[in-house]
Amino acid sequence: MKTMNVGIIGYKFMGKAHSNAWSRAHQFFPMDIKPIMKVACGRHEKGLKEFAKNWGWEETETDWRKVVERDDIDIVDISVPQHLHFEIAMAALKNGKHVFCEKPLAMNVEQARELCKEADKHPGLIHYVNHNYRRCPAVMLAKKLIDEGKIGRIFHWRGAYLQDWIVDPDFPLTWHLQANKAGMGPQGDLNSHSVDLARFLVGEIETVSCMTANFITERTLPDEAASGTFSGTANVSAGKGSVTVEDAAFMNVKFAGGALGSFETTRFAPGRKNYNYFEIYGSKGSLIFNLERMNELQYYSLDDPSFAQGFRTIMVTEGEHAYMPAWWPPGHIIGYEHEFVHAVVDFMSAIAKNEQISPNFHDGLKEMEILTAGLLSAKEGKEITIS
């Protein structure tokens, strides 16, 4: 089997999720190219070495530039905060590397546009923005039902992505709450996923109207080495800093096909740990998905006889469902980490076939245009047309 060497930049939450995927993909799926976990890169050497040893990376490096410039690295996996995506992805492309990048693609539309321009100069390179939720078998079933016309003309999209991990006012000011590192708050972190799913399932978005809110405006500075995405350690001797991103964003949109949509996102929803939810309503039926029950899709069909109409819950674990033949017998569920495995499998298949994957950098640009328009709408108090 042909092999390709991977260099991963970042070793915390996403670094772990990606490492699991790189290591497991070839164990379950037939692949033309096997990824080799060559080098892991991060700033804090002690934590990095523990990470590399635990997940099976052959080497470590603290300078990402050295990783992307190495002749023996074929793929660069970007699993760091958003403010680093642009520089690393640009350098990786210029050094002839395939790029597997966490979302959102960049800090702003201008950066995303520049990355697309550079990517287009290298048609042989595969570039991917990791919206892993597309690759839930239940979401793929929703796509299949829509494409086959089972729910007819789509009228409404209703999406919500809710979490609760910063409700505590003592949670420190991690990078996710700083605009110079995160770019946006849940609008970018969470609504980016919802917008990607809506574009995938319903179509392009033409106009946006949005409002945002801040509930806690100041927090204690963090101990960065000890803090992660959903956990934070305060550095009480360092004082406090201002929260410079929104805490919640609610967005209404019009789709090019005529449908109306709503997006709700917040990190201030007690009890909602990772509630990624959507409803789609059409002329012939409806679909409901909830990531917290990710092996299920709810489907309502007006084609059923009236005495038998109602939402049916489909367990998406049969062998004919996307990705499932590689896993367990019917009825045996899969979990969050499997979506990343599916992404790696599709990414490596795209390289082998020299066919661009989706979502790619151009999808990332379109997404940034929508998210940015949402924040502009909230600031100016008016509907914004996506150019």
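Refer to the structure printed above.
The following paragraphs examine the structure supplied in this document.

Observations regarding the overall build of the protein
- Secondary structure summary: the protein contains 11 helices and 17 strands in total.
- What you see for the protein is a C-alpha radius of gyration of 21 Å, in line with the 21 Å of a compact globule of 387 residues.
- Viewed in the frame of its principal axes, the protein has a C-alpha envelope of about 65 × 55 × 40 Å.
- When each of the 387 residues of the protein is scored for burial, the buried share is 57%.
- Here the protein displays about 16200 Å² of accessible surface, and carbon together with sulfur accounts for 50% of that area.

Overview of the nonpolar core
- Formed by 109 residues in total, the largest nonpolar core has its most connected members in W22, F347, M348 and F361.
- Here this core takes 9 residues from helix α10 (residues 336-353), the largest share from any one element.
- Beyond its immediate chain neighbours, meaning those up to four positions away, W22 contacts V6, P35, M37, W57, I75, D77, F100, V344, F347 and M348.
- With 9 residues, the next largest nonpolar core counts I166, I216, V243 and V245 among its residues.

Some words on the side chain of N295
- In this fold, N295 is placed in the loop between β14 (285-290) and β15 (296-301).
- For N295, a relative accessible area of 8% puts it in the buried group.
- A polar contact is formed between the side chain of N295 and the backbone oxygen of I334, at a distance of 2.8 Å.
- Sequence-distant contacts of N295, that is, excluding residues within four places in its chain, are made with I314, M315, V316, T317, I333 and I334.

Some words on the sheet that holds strand β6 (residues 127-130)
- A sheet is described by the order of its strands in space; here 6 strands give the open sequence β3-β2-β1-β4-β5-β6, paired in parallel fashion. Sheet topology places β3 (59-61) and β6 at the edges, where each strand pairs with a single neighbour. Ignoring which end each strand starts from, the neighbouring axes of this sheet average 25 degrees apart.
- Set on the sheet, helix α11 (residues 361-380) makes contact with β5 (98-102) and β6; between it and β6 the angle comes to about 45 degrees.

A few points about the pairing of strand β4 (residues 75-78)
- Of the two faces of β4, the one lined by I75 and D77 and the one lined by V76 and I78 are each fully buried.
- Inspection of the sheet shows strand β1 (residues 2-9) paired to β4 by 4 bridges, in the parallel sense. When the sheet's bridge partners are listed, I8 is paired in β4 with D77.
- When β4 meets β5, the two strands line up parallel, connected through 4 bridges. Bridge pairing links I75 to H98 in β5.

A closer look at the sheet that holds strand β11 (residues 248-255)
- The strand order β16-β15-β14-β13-β7-β12-β11-β8-β17 describes an open sheet built from 9 strands, whose pairing is mixed. Of all the strands in the sheet, the pair left with one neighbour each is β16 (312-315) and β17 (384-385).
- One ladder, built from 2 bridges, connects strand β8 (residues 205-213) with β17; its direction is antiparallel. The partner of V208 across the bridge, within β17, is I384.
- In this fold helix α6 (residues 137-147) packs onto β7 (154-162), β13 (275-282), β14, β15 and β16, with an angle of close to 20 degrees to the strand it touches most, β15.
- Those strands touched by helix α9 (residues 191-201) are β7, β8, β11, β12 (260-266) and β13, and its axis lies near 160 degrees from that of β7.

A closer look at the pattern of salt bridges
- Tallying each qualifying case throughout the model produces 25 salt bridges.
- In this structure, E45 engages K49 in a salt bridge whose closest nitrogen and oxygen atoms are separated by 3.9 Å. On the criterion of helical spacing, the pair formed by E45 and K49 is a turn pair, its members being 4 residues apart in helix α2 (residues 45-55).
- Overall, E45 belongs to the partly exposed group, its relative accessible area being 46%.

Regarding unusual backbone geometry
- Cis geometry marks the peptide bond from K103 to P104, where omega comes out at -20 degrees.
- On the secondary structure map, P104 appears in the loop between β5 and α5 (109-120).
- Here S358 and P359 are connected by a cis peptide whose omega angle stands at 0 degrees.
- Of note, P359 is situated in the loop between α10 and α11.
- Positive phi values are uncommon outside glycine, yet Y323 reaches one of about 75 degrees.
- Residue Y323 is classed as buried on the basis of its relative accessible area, which comes to 15%.
- Phi angles above zero are rare outside glycine, and N354 is one such case at about 55 degrees.
- Within the secondary structure layout, N354 lies in the loop between α10 and α11.

The rules behind these values
- Residues numbered from 1 in each chain as written.
- Predicted model: local features only at pLDDT ≥ 70, side-chain atom pairs only at ≥ 80, totals over all residues.
- Heavy atoms only, no water.
- Helix = DSSP H or I, 4+ residues; strand = E, 2+ residues; numbered from the N terminus.
- Rg over C-alpha atoms; globule rule 2.2 N^0.38 Å.
- Buried < 20%, exposed > 50% of the residue type's maximum accessible area, 1.4 Å probe, protein only.
- Areas by Shrake-Rupley, 256 points an atom, 1.4 Å probe, with all protein chains shown as cover.
- Core = buried A, V, L, I, M, F, W, Y, C linked by side-chain atoms within 4.5 Å.
- Contact = heavy atoms within 4.5 Å.
- Polar contact = N/O pair within 3.5 Å; in protein donor to acceptor, adjacent residues only side chain to side chain.
- Pairing = 2+ DSSP bridges.
- Axes fitted to C-alpha atoms, helices over the stretch in contact; angles between N-to-C directions.
- Salt bridge = Lys/Arg side-chain N within 4 Å of Asp/Glu carboxyl O.

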